[in-house]
Amino acid sequence: MTDSAGNVRQGALSDLKSGRLTLTTSEQLRLSTRDLVMMKFTDRTSLLAAEDPLVFLTGGDVLAMRLEKVDDDSLIGRWAQNPNWPACKISLEFVRGVILELPTVARSRARLFNQIFEFDEPHDTVILRNGDLVDGEFSNLDDKTLVLETPLGKSAIERAGVLAMIFNPTLTSREPPPGEGVLVSLVDGSRFRGTDVKLETADRISLKPRFGAALDLPLAAVESLRFLGGCATYLSDLAPVEYQFEPFFDLEWPLRRDRSVAGGFLKLRGIEYPKGLGVHSRSTVTYRLAGAYRRFRAMIGVDDSAAGRGSVVFEVLVDGNSAYKSDVLTGASPAAAIERLDVAGAKTLTLRVDYATEGDILDHADWCDALLIK
């Protein structure tokens, strides 16, 4: 357990309900989840398998799920790594898109992620395996056929030829879940927000996800819980007041939330992070704090998508003054931790990434788990 002061406690989870948590060590520690940042189970990692189909939800949730059926109202899917778990029914108002089969090449996967997350057209789109796009209004999908209403009429497409589907973003719900909750990371790489989390028995946990009915999961399937709505606020959930990018040549790189600048998920030395910022050198992003926070923390490094290349320097400025500056970090350097950086009373926080020894080549810089603590 990591709390708001940065203290780390280890023990056995023996109770969790109604915003209270009990950790058993040599004694029983009863803690408020509002004062906790994260709970992580030792010897577990959260990593999406290269072959698993994915369901992308609004708000950044990702489920490793194989589709059974989709109609114009909802989809039904089963967990790819745990097909014996009960099927999930998810309203399409929460679905941004689905990938039926992930491309084997990492760059192709990232490009496909970008297509889904950055799609802003007022219609549905089907991406075929041959790269063609078919626009229209989605009707249904079963084990053999996808049906799409197009301006030329109803079009039936063989499921075997479909790579992905993107749903009309004007019809999706983008409102964040209210109140306190958790971001759950499963060992299969799925990550999603929920409320009413409880330890039902010593080996099972339940919660209410935003996208459907309550889930009851084996505790062994959970890699971590990040507590939301309490002491911790993730920068990727805030809108920056300014983002500046100064290209080394002419290529423009955006600020990406909860993804690397290349488009894939944030990943440092084989560890995936569900929260954070993906940027490129030379970039500067500024947030307004208004004196509301005490500390800033993050894990930083060059994303694994750089394949060992890249060379950057990270810097944190508080009210315009340098408060932290890293050594030169490359794609082969271990991830570095920024812990308990004092921002008490500060008005602004600025995160800067500069190029170092190799110009800006593959400078895919990650601010993982970048968060402010009240």
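To continue, consider the overall build of the chain. Each helix and strand in the chain was counted, giving one helix and 35 strands. Relative to a compact globule of 374 residues, whose C-alpha radius of gyration would be 21 Å, the chain shows 21 Å and is just as compact. Taken along its principal axes, the extent of the C-alpha atoms in the chain is 60 × 55 × 35 Å. Here the chain, with 374 residues, has 53% of them falling under the buried criterion. The averaged location of the 53 negative side-chain charges in the chain is 4 Å from the averaged location of its 44 positive side-chain charges.

A grouping of Asp72, Asp73, Glu93 and Glu137 is seen on the molecular surface, where their side chains present a negatively charged patch. By the element assignment, Glu93 lies in the loop between strand E9 (88-91) and strand E10 (95-99).

A separate point is the sheet that holds strand E2 (residues 12-17). Reading across the sheet, the three strands line up as E2-E3-E4 and stay open at both edges, with antiparallel pairing between neighbours. A strand with exactly one partner marks an edge of an open sheet, and here the two such strands are E2 and strand E4 (28-32). Across the sheet, the axes of successive neighbouring strands diverge by a mean angle of 20 degrees, strand direction being ignored. Two elements, E2 and strand E3 (residues 20-24), share five bridges in a ladder whose sense is antiparallel. If you follow Ala12 over to E3, its bridge partner there is Thr24.

This part is about the pairing of E10. The buried fraction of E10 is high, at four of five residues. Bridging between strand E6 (residues 54-57) and E10 involves four bridges; their strand directions are antiparallel. Opposite Phe56, over in E10, you have Gly97 as the bridge partner. One ladder, built from three bridges, connects E10 with strand E15 (residues 162-166); its direction is antiparallel. Each residue of the ladder has a partner; that of Gly97, found in E15, is Ile166.

Turning to unusual backbone geometry, a few remarks are in order. Residue Arg282 follows Ser281 across a cis peptide bond; omega there is -10 degrees. If you trace the backbone, Arg282 turns up in the loop between strand E26 (276-280) and strand E27 (283-288). Non-glycine residue Asp43 carries a positive phi angle of around 65 degrees. Position of Asp43 relative to the elements: it lies in the loop between strand E5 (36-40) and E6. A positive phi angle, near 60 degrees, is found at Asp258, a position not held by glycine. Tracing the chain through its elements places Asp258 in the loop between strand E23 (256-257) and strand E24 (266-268). Asp258 gets classed as buried once you look at its relative accessible area, which sits at 16%.

For the rest of this paragraph, the subject is the nonpolar core. Counting residues in hydrophobic clusters, the biggest one holds 52 residues, and the most contacted among them are Leu21, Met165 and Phe192. Per-element accounting of this core gives the leading share, four residues, to strand E7 (residues 62-70). Residues contacting Phe192, with those up to four places away along its chain left out, are Asp61, Leu63, Trp79, Val182, Leu183, Val184, Leu186, Leu207, Pro209, Phe211, Leu215 and Leu217. Of all hydrophobic cores here, the second largest spans 29 residues; its members include Tyr287, Val316, Leu349 and Leu372.

What follows concerns the state of the cysteines. Among covalent bonds in proteins, the disulfide is the one between the sulfur atoms of two cysteines. Tallying each qualifying case throughout the model produces zero disulfides. Cys231 forms no disulfide, and the closest cysteine sulfur to it belongs to Cys368, at a distance of 19 Å. With a relative accessible area of 6%, Cys231 lands in the buried category.

With that settled, consider the side chain of Ser326. With respect to the helices, strands and loops of the structure, Ser326 is situated in the loop between strand E30 (321-325) and strand E31 (329-330). Overall, Ser326 belongs to the buried group, its relative accessible area being 9%. Discounting chain neighbours no more than four positions away, the residues touching Ser326 are Ile300, Val313 and Phe314.

What counts, and where the lines are drawn
- Residues numbered from 1 in each chain as written.
- Predicted model: local features only at pLDDT ≥ 70, side-chain atom pairs only at ≥ 80, totals over all residues.
- Heavy atoms only, no water.
- Helix = DSSP H or I, 4+ residues; strand = E, 2+ residues; numbered from the N terminus.
- Rg over C-alpha atoms; globule rule 2.2 N^0.38 Å.
- Buried < 20%, exposed > 50% of the residue type's maximum accessible area, 1.4 Å probe, protein only.
- Lys, Arg positive; Asp, Glu negative; His and termini not counted.
- Charge placed at Lys NZ, Arg CZ, Asp CG, Glu CD.
- Patch = residues over 30% accessible without salt bridge, like charges linked within 9 Å, V, L, I, M, F, W, Y side chains within 5 Å.
- Areas by Shrake-Rupley, 256 points an atom, 1.4 Å probe, with all protein chains shown as cover.
- Salt bridge = Lys/Arg side-chain N within 4 Å of Asp/Glu carboxyl O.
- Pairing = 2+ DSSP bridges.
- Axes fitted to C-alpha atoms, helices over the stretch in contact; angles between N-to-C directions.
- Core = buried A, V, L, I, M, F, W, Y, C linked by side-chain atoms within 4.5 Å.
- Contact = heavy atoms within 4.5 Å.
- Disulfide = S-S within 2.5 Å.

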